[in-house]
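# A closer look at the structure
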Amino acid sequence: AQSVTQLDSQVPVFEEAPVELRCNYSSSVSVYLFWYVQYPNQGLQLLLKYLSGSTLVKGINGFEAEFNKSQTSFHLRKPSVHISDTAEYFCAVGSQGGSEKLVFGKGTKLTVNP
Amino acid sequence: DVKVTQSSRYLVKRTGEKVFLECVQDMDHENMFWYRQDPGLGLRLIYFSYDVKMKEKGDIPEGYSVSREKKERFSLILESASTNQTSMYLCASSLARYEQYFGPGTRLTVT
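All figures in this text were calculated on a predicted structure; none of them were measured in a lab. (Residues numbered from 1 in each chain as written. Chains lettered and ligands numbered in written order. Predicted model: local features only at pLDDT ≥ 70, side-chain atom pairs only at ≥ 80, totals over all residues. Heavy atoms only, no water.)

### Overview of the overall build of chain B
To keep it simple, the criterion reads: In this text, helices come from DSSP runs of H or I with a minimum length of four residues, and strands from runs of E with a minimum of two, each type numbered from the N-terminal end. For the radius of gyration, the atom set is restricted to C-alpha positions; the globular benchmark scales as 2.2 Å times the number of residues to the power 0.38. The classification of residues rests on relative accessible area computed with a 1.4 Å probe and restricted to protein chains. Under 20% of the type maximum is buried, over 50% is exposed, and intermediate values are partly exposed. Working rule for contacts: check all heavy atoms of both residues, and any pair within 4.5 Å makes them a contact. Only the protein chains shown count as cover for residues, and the accessible areas themselves come from Shrake-Rupley with a 1.4 Å probe. We count Lys and Arg on the positive side and Asp and Glu on the negative side, and we leave His and both chain ends out. By convention, charge coordinates are those of NZ in Lys, CZ in Arg, CG in Asp, or CD in Glu.
Of regular secondary structure, chain B possesses 0 helices and 11 strands. Helices and strands in chain B line up, N terminus first, as β-β-β-β-β-β-β-β-β-β-β. Computed over the C-alpha atoms, the radius of gyration of chain B is 13 Å, within 12% of the 13 Å expected from 2.2 N^0.38 for a compact globule of 111 residues. Seen through its C-alpha atoms, chain B measures out along the principal axes to roughly 35 × 25 × 25 Å. Considering chain B as a whole, with its 111 residues, one finds that 50% of them fall into the buried category. Considering only contacts within chain B whose residues lie at least 6 apart along the sequence, 55% involve residues at least 24 apart. Split by element, the accessible area of chain B, about 5400 Å² in all, is 50% carbon and sulfur. With 16 positive and 15 negative side-chain charges, chain B shows a spacing of 5 Å between the two charge centroids.

The structure is reproduced here in structure tokens:
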């Protein structure tokens, strides 16, 4: 079985500050990893994904994440946030060669203040 | 662009009613999913389907059923709605390798 832990339920930051949203996972097999963003009253939108290859993954809107197998982490980072980045962010894990299901974390609410 | 549409953005139903939530995708995806989203609990998988007429239970299937008669359409059915099924329901579809595309969600209130 797999699990995902998002270590912070809420992260407040000031505009133009850097941010890191933390995600740890547990799995007995090799994994795929995803970050999704949800703006208010909308569905989820894919930010970035790790399938294989380079452990540093770049996504949309200036976000990036680094897959660290030894620490079973996939933290999301952005060097300078905007007000428009205020949203809820979800980390998700799937197993390679297994079911098509994803396991989602409980989400991190990012609030960017002026 | 992949488009996943859900039949209603907001729905209010009474306890005991049979409720149908419809989801349609336009990208010929094999896999379709129904989740419910509740504050502090994240997304929880109710059911998914990997082909027409094929379905598999997710983590919280009790009180729900699904139907997939056509590849593009996946319906979630609440046989007898209860107040604890008040939630945001999200539909998603995927082709392969897990990248799921989500609809805008249906906020269901059961009174």
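### Here we look at the overall build of chain A
Looking only at helices and strands, chain A features 0 helices and 12 strands. For chain A, the N- to C-terminal ordering of α and β elements is β-β-β-β-β-β-β-β-β-β-β-β. Principal-axis analysis of the C-alpha atoms places the extent of chain A at approximately 45 × 30 × 20 Å. When the accessible surface of chain A is split by element, carbon and sulfur atoms take 49% of a total near 5500 Å². Mean positive and mean negative side-chain charge positions of chain A (9 and 9 charges, respectively) differ by 8 Å.

### Section: the side chain of Ser65 of chain B
Residues and elements named next belong to chain B. In plain terms, the rule: In protein, a polar contact means a hydrogen-donor-capable atom and an acceptor-capable atom, both N or O and within 3.5 Å, with residues adjacent in sequence counting only if both atoms are side-chain atoms; elsewhere, any N or O pair within 3.5 Å suffices.
With respect to the helices, strands and loops of the structure, Ser65 is situated in strand β7 (residues 64-70). Taking relative accessible area as the criterion, Ser65 reaches 17% and is therefore assigned buried. Within the structure, Ser65 has its side chain in polar contact with the side chain of Glu79 (distance 2.9 Å). If we skip the residues at most four places from it in the chain, Ser65 touches Tyr47, Ser75, Leu76, Ile77 and Glu79.

### A short note on the interface of chain B and chain A
Here is the rule: Put simply, buried area is how much 1.4 Å-probe accessible surface two parts lose in total, over both of them, once they are put together. Put simply, a salt bridge is a Lys or Arg side-chain nitrogen that is within 4 Å of an Asp or Glu carboxyl oxygen. Residues were grouped as follows: Ala, Val, Leu, Ile, Met, Phe, Trp, Tyr, Cys and Pro as nonpolar; Asp, Glu, Lys and Arg as charged; and all remaining residues, including Gly, as polar.
Opposite the 25 residues of chain B that make contact, chain A presents 24 residues. Here chain B packs against chain A, burying approximately 1900 Å² in sum over the two surfaces, 53% of which is carbon and sulfur. Where chain B meets chain A, there are 1 salt bridge. Linking Glu99 of chain B and Lys49 of chain A is a salt bridge whose minimum nitrogen-to-oxygen distance equals 2.3 Å. If you look at where chain B meets chain A, you find 4 residue pairs in polar contact (both at pLDDT 80 or more). A breakdown of the residues in the side of chain B that touches chain A according to their chemical character gives 12 nonpolar, 7 polar and 6 charged.

### Quick look at the nonpolar core
The criterion, for reference: Only buried residues count toward a nonpolar core. Its members are Ala, Val, Leu, Ile, Met, Phe, Trp, Tyr and Cys residues joined through side-chain atoms within 4.5 Å.
Grouped together as the largest cluster of nonpolar side chains are 28 residues, with contacts concentrated most on Leu33, Trp35, Leu47, Leu48, Phe74, Leu76 and Tyr89 of chain A. Sequence-distant contacts of Tyr89 of chain A, that is, excluding residues within four places in its chain, are made with Gln6, Leu21, Trp35, Tyr36, Val37, Leu47, Phe63, Leu76, Gly107, Thr108 and Leu110 of chain A. The next biggest cluster of nonpolar side chains, apart from the first, holds 20 residues, and it includes Val19, Met32, Ile46 and Leu76 of chain B.

### Observations regarding the environment of Arg73 of chain B
Residues and elements named next belong to chain B. In this fold, Arg73 is placed in strand β8 (residues 73-78). Along the sequence, Arg73 and Cys23 sit 50 residues apart, while their C-alpha atoms lie 5.6 Å from each other. Leave out the neighbours within four places in its chain, and Arg73 touches Glu22, Cys23, Val24, Met32, Ser67 and Arg68.

### Remarks on the sheet that holds β7 of chain B
Residue and element names in this part refer to chain B. Put simply, the rule reads: Criterion used throughout: strands pair if DSSP finds at least two bridges between them. Note on definitions: angles span 0 to 180 degrees between N-to-C directions of axes, and those axes are lines fitted to C-alpha atoms, for helices only across the stretch in contact.
The strand order across the open sheet formed by 4 strands is β1-β3-β8-β7, and the pairing between neighbours is antiparallel. The open sheet has two edge strands, β1 (4-6) and β7, and neither has a second partner. Direction aside, the axes of adjacent strands within the sheet are offset by 20° on average.

### A word on the pattern of salt bridges
All names here are of chain A. The tally for this structure, following the rule as stated, stands at 12 salt bridges over all chains. Between Glu66 and Arg77 there is a salt bridge, and its shortest N-O distance comes to 3.7 Å. Of this pair, Glu66 sits in strand β8 (residues 64-68) while Arg77 is found in strand β9 (residues 73-78), placing the two residues 11 residues apart along the sequence. On the basis of relative accessible area, Glu66 is assigned to the partly exposed category, the value being 34%.

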